Amino acid sequence: MEIIDGPKKRLTRSNNKMIAGVIAGLAEYFSIDPSLLRVIYVVVSVLSAGFPGLLIYLICWIFIPQQN
């Protein structure tokens, strides 16, 4: 049985950005609408105790490379 590899996806920050392109990059990687993912991210962050979403966003901003 032969496995055919398609083009490899790479997680990068998107140029379609509101702040740093982290959420848009995740949306492109998972083939989701960026606006929908932004809304989900904000709702989950607000409903979480202590807003850990901001810290997670900052860490992703540092470690996810910018799109070429």
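Since this is a predicted model, take the numbers as computed values, not measurements. Every chain begins its residue count from 1, and numbering advances along the sequence as written. Under the rules for a predicted model, residues below a pLDDT of 70 receive no local features and side-chain atom pairs below 80 are neither given nor counted, while totals for whole chains, interfaces and linings still include all residues. Think of the side-chain values as coming from all heavy atoms in the structure, minus any hydrogens and water.

Describing the overall build of the protein chain
Link 1 in the chain: Scanning the protein chain for helices and strands turns up three helices and zero strands.
Link 2 in the chain: When its helices and strands are written in sequence order, the protein chain yields α-α-α.
Link 3 in the chain: Counting across all 68 residues of the protein chain, residues that qualify as buried make up 25%.
Link 4 in the chain: Accessible areas in this description were obtained via Shrake-Rupley with a 1.4 Å probe; residue shielding takes into account the shown protein chains only. As presented, the protein chain carries roughly 5300 Å² of accessible surface, and 69% of it is formed by carbon and sulfur atoms. Only DSSP runs of H or I covering at least 4 residues are called helices, and only runs of E covering at least 2 are called strands; the numbering of each starts at the N terminus. Remark: exposure states derive from per-residue accessible area (1.4 Å probe, protein chains only) relative to the maximum for the residue type, with buried under 20%, exposed over 50%, and partly exposed in between.

Side note on unusual backbone geometry
Negative phi is the rule for most residues except glycine; trans is the rule for most peptide bonds.
Link 1 in the chain: Positioned with a positive phi, Ser-31 is a non-glycine residue whose angle comes to about 55 degrees.
Link 2 in the chain: Among the structural elements, Ser-31 can be located in the loop between helix H1 (22-30) and helix H2 (34-47).
Link 3 in the chain: Given the relative accessible area of 59%, Ser-31 is considered exposed.

Details of H1
Turn by turn, an α-helix covers 3.6 residues, leaving residues three or four places apart pointing in a common direction.
Link 1 in the chain: Within H1, the full set of buried residues consists of Val-22, Ile-23, Ala-24, Gly-25 and Ala-27.
Link 2 in the chain: Here a residue-residue contact requires only that any non-hydrogen atoms of the pair lie within 4.5 Å. In the core, the buried residues of H1 are packed alongside H2 and helix H3 (52-63).
Link 3 in the chain: A positive phi of about 55 degrees marks Ser-31, the residue just after H1.

Quick notes on the packing of H1 against H2
Link 1 in the chain: All axes are obtained by fitting lines to C-alpha atoms, using only the stretch in contact for helices, and the reported angles, taken between N-to-C directions, cover 0 to 180 degrees. The interhelical angle for the contact between H1 and H2, taken along N-to-C directions, is 120 degrees, at an axis separation of 9 Å. Between H1 and H2, the interaxial angle falls into the category oblique. Remark: the crossing between H1 and H2 carries right-handed chirality. Along the contact surface, H1 presents Ile-23, Ala-24, Leu-26 and Ala-27, while H2 presents Pro-34, Leu-37, Arg-38 and Tyr-41.
Link 2 in the chain: Gly is placed with the polar residues, together with every amino acid not listed as nonpolar (Ala, Val, Leu, Ile, Met, Phe, Trp, Tyr, Cys and Pro) or charged (Asp, Glu, Lys and Arg). Among the residues making up the contact of H1 with H2, the classes are represented as seven nonpolar, no polar and one charged. Throughout this description, any angle smaller than 35 degrees is read as roughly parallel, any larger than 145 degrees as roughly antiparallel, any in the 65 to 115 degree range as roughly perpendicular, and the remainder as oblique. We call a crossing left-handed when the near helix sits turned anticlockwise from the far one by less than a right angle, and right-handed when that turn is clockwise.

Examining the confidence of the model for the protein chain
Low-pLDDT portions of the prediction should not be read for the details of their coordinates.
Link 1 in the chain: Think of pLDDT as the predictor's per-residue confidence, scored from 0 to 100. Residues with a pLDDT of 70 or more make up 90% of the protein chain, whose mean pLDDT is 85.
Link 2 in the chain: Looking over the protein chain, one finds the lowest element-wise mean pLDDT in H3, namely 89, and the highest in H1, namely 91.

Thoughts on the environment of Ile-23
Link 1 in the chain: Of note, Ile-23 is situated in helix H1.
Link 2 in the chain: The class for Ile-23 is buried, based on a relative accessible area of 7%.
Link 3 in the chain: Each C-alpha atom, one on Ile-23 and one on Thr-12, is 9.9 Å from the other, the two residues being eleven residues apart in sequence.
Link 4 in the chain: Beyond its immediate sequence surroundings of up to four residues, Ile-23 is in contact with Pro-34, Leu-37, Arg-38, Tyr-41 and Tyr-57.

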